[in-house]
Structure formats: C-alpha cells, structure tokens
Amino acid sequence: MGLNDFIQTIFFLIVVLLMVKPFGSYMACIYMGRPAGLNVWLVCVEKWIYRICAVKEEEGMTWKTYAVAMILFNILGVLVVYAIQRLQAVLPLNPMAMPAVSPDSSFNTAVSFTTNTNWQSYGGENTMSYFTQMLALSVQNFVSAATGMAILVALIRGFIQKQMNTIGNFWVDMVRTVLYILLPLSIVFAVVFVSQGIPQTFNKSAVATLLQATKDSNGKLVNQQELALGPVASQIAIKQIGSNGGGFYNANSAHPYENPTPLSNFLELLAIMLIPVSLCYTFGCMVKDRRQGWALLAAMSIIFLPCLWFCIQIEQQGNPLFDKLGVDQTTTAFQSGGNMEGKESRFGTANSAIWAVSTTAVANGSVNCMHDSFMPLSGMIPLWLIQLGEVIFGGVGCGLYGMIAFVIVAVFIAGLMIGRTPEYLGKKIEVFEMKMASLVALIPHMFILIPTAIAVLTVVGKAGISNPGPHGFSEVLYAFSSAAGNNGSAFGGINANTVFYNVMTAVSMFFGRYWLAIPMLAIAGSLSAKKIVPSTQGTLPTHTPLFIVFLAMVVLVVGALVFFPALALGPIVEHLMLRGA
Amino acid sequence: MKKTHSSMTSLFEPTILVPAMVESFKKLDPRHQFKNPVMFVVLVGSLLTTGLYVQALGWHGEAGASFILAISLWLWFTIVFANFAESMAEGRGKAQAESLRRARKDTPAKKMSKPTQGASFETVSATTLIKGDVVLVERGDYIPMDGEVVEGVASVDESAITGESAPVIRESGGDRSAVTGGTRVLSDWLIVRITANQGETFLDHMIAMVEGARRQKTPNEIALSILLVVFTIIFLLVTVTILPFSIFSVATAGKGAVITVTALVALLVCLIPTTIGGLLPAIGIAGMDRMIQANVIATSGRAVEAAGDVDVLLLDKTGTITLGNRQAVAFIPTQGVTTERLADAAQLSSLSDETPEGRSIVILAKEKYGIRERQTQELGARFIPFTAQTRMSGVDLGANRQIRKGAVEAIEGYVRKAGGIFPDDLKSSIETISKSGGTPLVVAEDKNVLGVIQLKDIVKGGIKERFAELRRMGIKTIMITGDNPLTAAAIAVEAGMDDFLAQATPETKLKLIRDMQTGGRLVAMTGDGTNDAPALAQADVALAMNTGTQAAKEAGNMVDLDSNPTKLIEVVKIGKQLLITRGSLTTFSIANDVSKYFAIIPAAFVGTYPALGALNVMHLATPQSAILSAVIFNALIIIFLIPLSLFGVPYRPVAASRLLRDNLLIYGAGGIITPFVGIKLIDMILVALHLV
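Presented here is a report on the structure given in the accompanying data block. (Residues numbered from 1 in each chain as written. Chains lettered and ligands numbered in written order. Predicted model: local features only at pLDDT ≥ 70, side-chain atom pairs only at ≥ 80, totals over all residues. Heavy atoms only, no water.)

### Regarding the overall build of chain A
On a plain count of helices and strands, chain A comes out with 19 helices and four strands. For 581 residues, the compact-globule estimate of 2.2 N^0.38 gives 25 Å, and the C-alpha radius of gyration of chain A, at 23 Å, lies within 12% of that figure. Seen through its principal axes, chain A has C-alpha atoms that stretch 75 × 60 × 45 Å. In chain A, the share of contacts with a sequence separation of at least 24, taken over all contacts with a separation of at least 6, comes to 78%. Accessible area of chain A: about 20200 Å², with a carbon and sulfur share of 68%. For chain A, the separation between the mean place of its 29 positive charges and that of its 25 negative charges on side chains is 12 Å. (Helix = DSSP H or I, 4+ residues; strand = E, 2+ residues; numbered from the N terminus. Rg over C-alpha atoms; globule rule 2.2 N^0.38 Å. Contact = heavy atoms within 4.5 Å. Areas by Shrake-Rupley, 256 points an atom, 1.4 Å probe, with all protein chains shown as cover. Lys, Arg positive; Asp, Glu negative; His and termini not counted. Charge placed at Lys NZ, Arg CZ, Asp CG, Glu CD.)

As structure tokens, then:
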C-alpha cells in the first residue's frame, strides 16, 4: 500500500471512529426518549403523526404484535412499490415518458427495496420515472432502514427490561427513527451533495452535442448525448445513510452525476458507515454498559480491517497477466496504478477497494467500481463479507441484530466451556433463544446455496452467466449472496433481469430479511420476560479482548466452513489458475 | 472408614468392556439412532455407501469398489464407536446399580396392627408393604422400605447405601428419624412408618439413576442438541449443493469427473459434529455417575446442571460451619465472687444437664478448676430442666439453695423477682462475649448473680479454605443461624463467610431465598431438619442430608449420603465439569472441520481443477487416501476421547476468563491442529500398508 493510499485509508477510519460516540449517544437518547435537541423541537410533529395515525404512543406491543405490525407494514410497502412501477406511465412526474416496468422486474424491485436490499435488475435512469424514484424507491429507502433499526431497538429492550411482555411500539420506533435520525441526516447530506454537483431537479434530461461524432452498434451516426437528470441528490443521501445502496443511475456511485468528486466519494463512504458503526455505541448506551458496545464494534473491526487491508493490497498489486503484456500498472503522480479495470480513474484502486469492502461489510450495496473486475482474491473479500451474514457492521439495525445472534451462539459455547449456563448482559440464554439464533444462523446460508445450486443446474440460470469458468460461478454465487444478505450490490457480468433471476433473487431477499427479523423479535420477547442475573466473579465477561476475539472467530469459522467449498470452486481456484498461468 | 462407591472403576475393566462391545452393535438399531440426529445422519450415510458398494460390485460403480467399501466400513465404525462410548458409560453405571440391587432383597417385614410398642404383628413380604404401613424392625432385621421412625432408638448399619461402615443412630422425632430400605438394624428396635411404595424408594431412585434408565435431557443438553442439529443441517446443505457446483464446474472446465456420492457422504460425516454428537449421551451418563461416586443422589439431571450455576450458597451454622455444639471456654465471675465458686455452682447446675453445652461446663470445671463430678443423688439435688418458657435450667439443693443458669434476660428476670439486682459490671463482660461470637450463660444462686459462663462456637477446621474456594468460583456464601446478629457476625467473620442471616426462622429463610431469586440469583442450600423443608423446596439446588428427616429429603433435589454439608462444593464442581466437557468437545468437533476441508476439497476437485492441488497442504498421497484418512480420523477420535467424556474435563476454580482462555487454547486451537497431524499420520500409514 502506497503512502498516499495509506493516509487516505487511515484518515477515513479515524473520521468514522470520531463519529461513533457523538452520533451513537444521540441515537441512544432518541430511542430512550431523552431530550436531544431535535426530539424536543419537533415533538409536536411526532405527536401530530401519532394523532392522525391513531397510534397510542405509550402502548407497548408483545413481540408477536410487533412482528405482525412490521410484516404488514412491509407487505404494504411491496404492494405500493409494485403498483407505482406498473402504473408509472399514467402517474405524474414522468418527463421522459417512461413506460410501465415489467411485472417480474417490478416484483423484484418492490421486494428489493422493502427488504433494504436494493438489488437492481433495472437501469434507473432509463426505467424509472421521477415519481417512482421518489415516492416508491426513496420512501422505501427511509422506511426499510427504519424497520431494521426498530427491530434492533426492540431487541435491545429485551436486554434492558425485566420481566415484561412488551418490547416497545413498532410505530413509535419507526416515526422516531425517520423523523429524528434519517430525515435530518438526509437533508444535510443531500445539500452537501448538491454542492458537489449531484443534480437535484424535476427537469427532463439535458442534451449535449458531442465534440466528436461516433457510431452506435448499428453503425448509425451519433452526435448527441442525452444526460439523464432528476432528483438525484436527495435519493443518494438516504441510499448511503440507510444502507440501501440502490442507485438513481444504473452505474450507481461510479456515475459522475451520482458521485462526482473525491470529496463526494469520501462523504458517501462516511454516510455508508455512519449509522451501522455508531449503533454499536447506541447499544452500549442503552444496555448501560458502553464496554459492551465497544466490544461488538471491536469484534467487527478485527474482521473488517484485515479484509480492508488485504483487498487494497491485492488491487494495488495489479493483474499479473497485464504485467506480461507490458501494461504499466505502477503508481505514479499521474495514475493510481494497480488493477484499474472496471474502476473510475478519479477514485483509483484504493478508494475503490475501500468502497467495495465498506459497502459489502455494511449491507449497503452501492458501488463506485465493478466488483466483477477485481482480482479473484480481492473480489472474494466483498463476496465473503456478505456471506458472513452481513454482521460486520451490516445494514442499519439488521447488522447489529445479526451480530447479536452470533453473540448468543458464542456465549452459549463459551458459557459451556466455563461451566455455567450461558448468559449475556444478565439474561440467561436458554433453549428458545438457541432455537431462534440457530434459525438466524441457518436461513441466509440456505437462501444463498440452494438458489445458486438451482441456477448452475438449469438452462435459464446458466443463460444469465456471461463469463465461462470459475468466474461465472462466482457471479451467480455473488448474486444470491447479495440477495439473501440484503446487500444489493452486484458482481456484475450476469444478466439478472430475467424472470428466473428476478423471482429467485426476490425469494432470497424476502426470506433473507424476514426469516431473520422475526426470530430476532421472538428473542427480544423472550429475553424481555426474563430476570436480569447480577454478574459475579463466575460470570463470563463479554467485553474482554478474549471474548471479542472468540466472537470474531465464531463468525469467521461459521462463514468459512459453510462457504469454503463454494469459494474454492469460484474465486480461490480462479486465483490459483491465474497464478499458475 | 472404607467407601465402597468412591473407588474408581478402571477404564479397562473387562466386566464392563466386553458387554459394552456387544451393546454397541445392538445399538445400531435405527430406532435407537433416531434419538441422536447427528449419528442418525451417519447411519443413513453408512447405508447409502453400503448400497453404493453393492452397486459397484454388481454393476458399474461410481468409484472403485474397495474404496467405497473402505469408506462404508469406517462410517459404520464411527457409529459403533459412538455406541461404544455410550455403552461404556452405561456399563459403569450398571455395575454400581448391581451392587445397590443386592441391597434390595426381598426381606420379611413385621407388619404391625398399630404403631405402638407391644402391638401384635404378622410377618409379610416387604414387597407387599404400602405407604402408611407400620413395621417393627428388631436387632439384625433389614429395614424393609424407606420410612420414618415413629418410636424407638437404634443403631443402623447403612453401609449398603452410603458405603460408610460406621453405624448411625436413628430415633423417633427430631432430625434423625428417616430410615432407608435395605439398611440393617444393629442394636435395639424401631417402629417405622413406611413412606414410599414399592418402586419409589430411595434405592429404586438410585438404581434408576445410575442405570440411566430415567435419564432425561437437561435444558442445556437440549439447547446444545439444537445447535448440533443446526450445524448438521448446514453441512448437509453445504455437501448437497456441492454436487450441482461440481457438475457445473466439470462442464465449464471440460475435464475431470463429477464428485462421487461416496466422497460427498464422507465429507458430510467429517463435517457434521460427530465427535460431540457421538459422545454426548456418554458425557451425560458419566456426569450422573460422578455424582454417585461422590455419594450424592440427584433426583434429576437438571439439578446437577443447575449446581454448576449456583451463585449463592446458604449454609446452616450448626454442624456445617461450626462443630455441632457450643462449648464452655471460660467462667467470668462478677465482682466479689471467686472463679471457683462460680465454677462450682455452674458444675452443680449442669450435672444432670445432658445437653452438649451442659456436659462441656462439667468438663471445663474439672479440667480448669479440678472440681470432681458429683452424684446428684448423693447431694439430694432436684434437677430443673430447660423449658422454652423459663429459658433456664438448674438445680435445687434442698429448699435453701437454688442454682439457675440461662440466657441473660431470663436470669435477670429471675433475680429481680427474687428481690436481687443484676450487677452492672457483668453487663460489659456479657457484651464482650457476644461481640466475640460467643454465647453468655448467666449463673445465679438464689437472688445473687455469680457470673457468666462463656460458651463458644468452634468453627470447623479447614472450612475457611473451602469458602475461599467457593468465592473463587464466584459463589457467595451466607450463614444461617438462630443466633443474635452480634454473635452471627463474629462467627461469619471467623469462618470467612460473605454474609449471614441471624435469628433465622423458616419464614425468614424462605424470604431470603425468594428475594435472592427475584434478584436473578440461583440459590443452593443444604439442610436436614423438617424446618428446613420449605426453604429446601424453594432453593434451586437443595442438598438434603441423608441423616435428615424425610420431609427434608423430599423437599430437596439431591441427597448426600455422607451427610456432609460442604459436599455442595463437589456437586458444583461436577455440574460445571459436565457443562465444560460438552462445551469443550463441541468446540473441538467444529474446529476439526477446518483441516478436514483441506484434506477433502482438493481431493474431490483436483481432477476438474488441477490448480486446487495447491490446497493439499498436508501433501496427502492420493485423493482417495485423503478422503479415507479424514474419515478414519473422524471415527478414531471418538475412541480416543471416550476417557475424557467419561472422566470429564477437569474444573479449576479460577476466573471465568482464564478458564475460557485455557479451554479455547486446548480444545479450540488444539482442535484445529490435531487433525492436521492425525490425518497426515493415517495417510502415511495407509500408504505404508499399500492400502491405497
């Protein structure tokens, strides 16, 4: 890693770390109902929303009621997003006269955006009207993120409450998340993004005359270029903050209008990390033991940082085949060097690799380069980070609750190893919690491996693969990992806008989201009903370096054991073959 | 004293080993295997590969017949080895049950018409007795069933149950009224009311327990089973999807062959946690076995497991922390009275006092002041016994000399009534005694107070160290006593207890336990008296003394045959050991998978992608020897770990973090490294023997 890249990486990490405490404690105040500025000034708006929605603010919900409210709200979201896409031709704010989206693509997109995945089998600027982008997709960007955070807060309540059968009110958690956290942040980021040149307009596309005429694939002369515009900045802000990742443009944050400058790139990266990382601290505040929050952050970081370093390093080394062809891959003042295939020259390899690792560790899924063009091993890192269960920071809310499921498994094994029935934060981990945590550990793997197996066996599945050999296998594996992990980034190189992939990925996304969320709410309910066991000398401390390393090992070993065969047949063999060649 | 049960049976005891071998083949019955999902998967895999072998013999096989046969055989061995572990654990229990069963002979019983001495009786078989019957047991008779003494005192030989050869006293009323069926009366006679029906007796419980017949899975065991099942399902998923991945890879690479079902089954069995899955039943049975060896009978495995979690331990002061009785250590006279006079009066008042305190006063007077014992009859003395109303005892020597001794308030009232005064200088002495943990006993003659006898509790030797050990385990100790808070505090400090409950009544004990439990604590308690029963029933882990009353034994969930209250420390250790063994072997089992992948994955795909040969870090000879070595290692490791599962991973009372670190290093890191070495060795042996 060159000095420049090193400084950029360290600077990014330090800024993220500095945000953790202030922003984490702000969110804790919001969720615990303590005054924190915005929730004092805007309290009348919050009350007004409850009044018109007939929400009884003080009324707690059992975990089942909470889960039903969450599911109904999300299913409604799917229906609305589907309907808007199908009807967009007749709806307003459609200056480019976009036709209705196809049924399977609409269904896929509807599930994708409500599950916080933002897998996009369409190209935004030539498929969606402004109305669809704003009222279908952006709205889901807010509420799907808020859903994840609400579930996390309900789970945290399970740890802090004693012998109660409620876990909070879903609607209240949603309103507070959107009103006090997501909306204010989005406004700030959107305004800054506009300053960097990201468009924010209802005007139709601009037309530019080319300085040099060119020919299209049919041999026709082209001398004009259409520059797609729209309400981009507002959508990009929430896309990054809420770990959504669905771009306004097909090229996502590699597009010059979606991510024009190195500063916008830095800010978007920051927005990706901000909430997932800070939530660890929020967790610590809420359970009244900040060390527990730092411990989870540390466990995530000791997986994240080596992955980050490794990915940058591999990309920096460049492609050995290009070396043989005499291509200059060295770093100079005029070029970033390394493997520049599929990357934007304004970002270079380091910022592309940081982005790739961040967007997959956090279940964000926006991209500023093509993961498909990474070297096999550096391409494996984003893939594997998704396969670890999106718990290394992970999506807003869902990453942390996924990690807590791993904590439950880890304290269970560790508890046995020290001869005590396991407990975490004073709550006994018993049969019911183990059942639910096991489901959380099992389901994502199922919805990655089985659809991948079906895809590589069937004609319709194989039809989408554009690269032969192990790389093609990696593409399919990545697609379903991204869907089940609710990441949404694409490896690329695969034509996913077919009925087969639209339906299969939608199923993976749906179960990857809700089959995790519901067991976690069940755990919240069960924990909430329990007593809090005071800790003694015999209690296993869960904030020590030992436990942090153990937790990270559990995550790594499970991820490695499940995906080793698949990875061996994809990126690993591709790397070995490349080295051998 | 000889303990019959605590002798460790050797691992290679042929009387256990041989039947266990037979049993491990009988247990191949799918109905038995179905109870253990992990091993059931292995059974299905064995059947599948056996079928493939038959296919390879007759028609065109997917691989060489000898290779399939070798894999198939080792898969069968894997199940047999796991069965063998379970049979060994059961066999060791059965050997103990056998010795217990010998105690349960069909003895004749003298069934009485009514529960009074001299009532008529008829001789019937013990098996016909039911709850509520009353029997007479005379010298040399066996007690036919569990019961409670309603009349009589006798010495009883309980060695058949406890292994303790010294006879014990059993008497009606009080805390030594329970008798156990199968024990023998050595002297005198007892009238016993039967308290258990046939099949529900103590002995029956013990036999069922050691045989593992009524063993139910404990909550933790269930939770662990769930985790193991999930791992099994995940690895099933992993191996099943390898087949399509392989088909795709072969098609796209254009060379090699699709992975064989035999290799997939081998990989599956290697990946699923067969080590812990196979040894889990043995660990549970062996845990119970260790309890029996410690002479503790638990009514459920759940109680044993809960013992590992205890964080508060309530102990009765008397007999547990202190020697049973208080002893007189000093005579402190009031001003104007000589020590000799006080000692003389104290001795006179205690001559007929048969309580241990009374006897210790006589002994002290003799040892320190040379006052000989006198016969009460010669003095014409009349003994005034202690009553709860007067709270005094004493002696009347004729009409003009009345000596009384008793609690401070009682004597103060007594002398005031007689027109005397209570000397002020004595009050400071009394306070000093109380503060030091002693009990003051005031002596008065007529209306004059002579002085005070200092009675002191003697803390048992070595008890302080035991409590320090408990503290290191994270267990808080609380002393329960009827003493006043001052005395209690002094003794608690002397014995090194964390806290105490003074002036305890059954209600305050119960309340203390409930409060602790509401605060989330897991409470253990030992007790023997009937008044302990409510508290024992409330406690999470309740160890009743075998010498205690039937009510106490029924309220508890464990009975200590040695009647040693500090036995709870052993119980806690056994409980912890049980969990640690399970946890460590689970970690070991999963950690093993890493190296098995490095053996099998390159072997399975090297034909399709020769570059994957780079992952063969162990340099195993051939793809077939690699897969076979992994399977053989997986089977043999079960055999190697049988001793560990039977004897348990040792527990040391150190901080939780340190224990976790050490066990992770041994079973986690060890679990990753061991199979690399083991598989390589097996591969070398296979090559050397030209088996592959």
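Alright, that's what it looks like, and here's the rest.
### Side note on the sheet that holds strand β17 (residues 448-456) of chain B
All names here are of chain B. Strand order in this open sheet of six strands is β12-β17-β16-β15-β14-β13, and the pairing throughout is antiparallel. A single partner strand is all that each edge strand has here, and the edge strands are β12 (327-333) and β13 (381-384). Averaged over neighbouring strand pairs, the angle between their axes works out to 20° when direction is ignored. The pairing of strand β14 (residues 392-397) with strand β15 (residues 401-406) spans six bridges and is antiparallel. From the neighbouring strand, Ser-393 faces β15, where its bridge partner is Lys-405. In the packing of helix α14 (residues 408-417) onto the sheet, contacts are made with β14, β15, β16 (438-445) and β17, and the angle to β15 comes to roughly 150°. (Pairing = 2+ DSSP bridges. Axes fitted to C-alpha atoms, helices over the stretch in contact; angles between N-to-C directions.)

### As for unusual backbone geometry
Even without being a glycine, Leu-425 of chain A presents a positive backbone phi close to 55°. Along the chain, Leu-425 of chain A turns up in the loop between β3 (423-424) and β4 (427-428). Of note, the phi angle at Asn-295 of chain B is positive, near 65°, even though the residue is not glycine. Checked against the element boundaries, Asn-295 of chain B lands in the loop between α9 (274-293) and β10 (296-298).

### Here's the deal with a positive patch on the surface
Where like charges cluster on the molecular surface, the positive patch consists of Lys-21, Arg-34, Lys-288 and Arg-290 of chain A. With respect to the helices and strands, the residue Lys-288 of chain A is situated in the loop between α9 (262-286) and α10 (290-317). (Patch = residues over 30% accessible without salt bridge, like charges linked within 9 Å, V, L, I, M, F, W, Y side chains within 5 Å. Salt bridge = Lys/Arg side-chain N within 4 Å of Asp/Glu carboxyl O.)

### Here we look at the nonpolar core
In terms of nonpolar packing, the biggest core is built from 329 residues, with Leu-182, Ile-275 and Ile-392 of chain A touching the most fellow members. By residue number, the principal contributor to this core is helix α19 (residues 545-580) of chain A, which donates 20 residues. In contact with Leu-182 of chain A, other than residues within four places in its own chain, are Phe-142, Ala-145, Ala-146, Met-149, Thr-177, Ile-238, Ile-241 and Ile-275 of chain A. Listed in part, the 21 residues of the second largest apolar core include Ala-346, Ile-361, Ile-403 and Val-443 of chain B. (Core = buried A, V, L, I, M, F, W, Y, C linked by side-chain atoms within 4.5 Å. Buried < 20%, exposed > 50% of the residue type's maximum accessible area, 1.4 Å probe, protein only.)

### What about the pairing of strand β9 (residues 190-194) of chain B?
Residue and element names in this part refer to chain B. The buried count for β9 comes to four of five residues, which makes it a mostly enclosed element. Alignment of strand β3 (residues 134-137) against β9, held across four bridges, turns out to be antiparallel. Looking across to β9, one finds that Val-134 is bridged to Arg-193. Sheet topology note: the strand β4 (residues 147-151)/β9 ladder contains four bridges and is antiparallel. Residue pairing in the sheet places Glu-151 in a bridge with Ile-191 of β9.

### Here we look at the environment of Ile-191 of chain B
All names here are of chain B. Looking at the element boundaries, Ile-191 is found in strand β9. The class for Ile-191 is buried, based on a relative accessible area of 0%. Sequence spacing of Ile-191 and Thr-180 is eleven residues, and the spatial spacing of their C-alpha atoms is 13 Å. Contacts of Ile-191, omitting those with residues within four sequence positions, involve Met-112, Pro-115, Thr-116, Gln-117, Val-134, Val-135, Leu-136, Glu-148, Val-149, Val-150 and Glu-151.

### Description of the environment of Ile-272 of chain A
Residue and element names in this part refer to chain A. Mapped onto the elements, Ile-272 comes out in helix α9. By relative accessible area, Ile-272 is classed as buried at 0%. For the pair Ile-272 and Gly-365, spaced 93 residues apart in the sequence, the C-alpha separation amounts to 9.5 Å. Those residues within four positions of Ile-272 in sequence are excluded, and the remaining contacts are Gln-240, Trp-355, Ser-358, Thr-359, Val-362, Asn-364 and Ser-366.

### Describing the pattern of salt bridges
Residue and element names in this part refer to chain B. By the definition in use, this model includes 36 salt bridges over all chains. Residue Arg-401 pairs with Glu-445 through a salt bridge whose shortest N-O separation is 2.7 Å. Remark: Glu-445 occurs in strand β16 and Arg-401 occurs in strand β15; sequence separation between them is 44 residues. Across the salt bridge formed by Lys-511 and Asp-515, the nearest N and O atoms sit 3.0 Å from each other. Taken together, the positions of Lys-511 and Asp-515, both in helix α18 (residues 506-518) and four residues apart, correspond to about one turn of that helix.

By themselves, these observations are geometric and do not establish any function.
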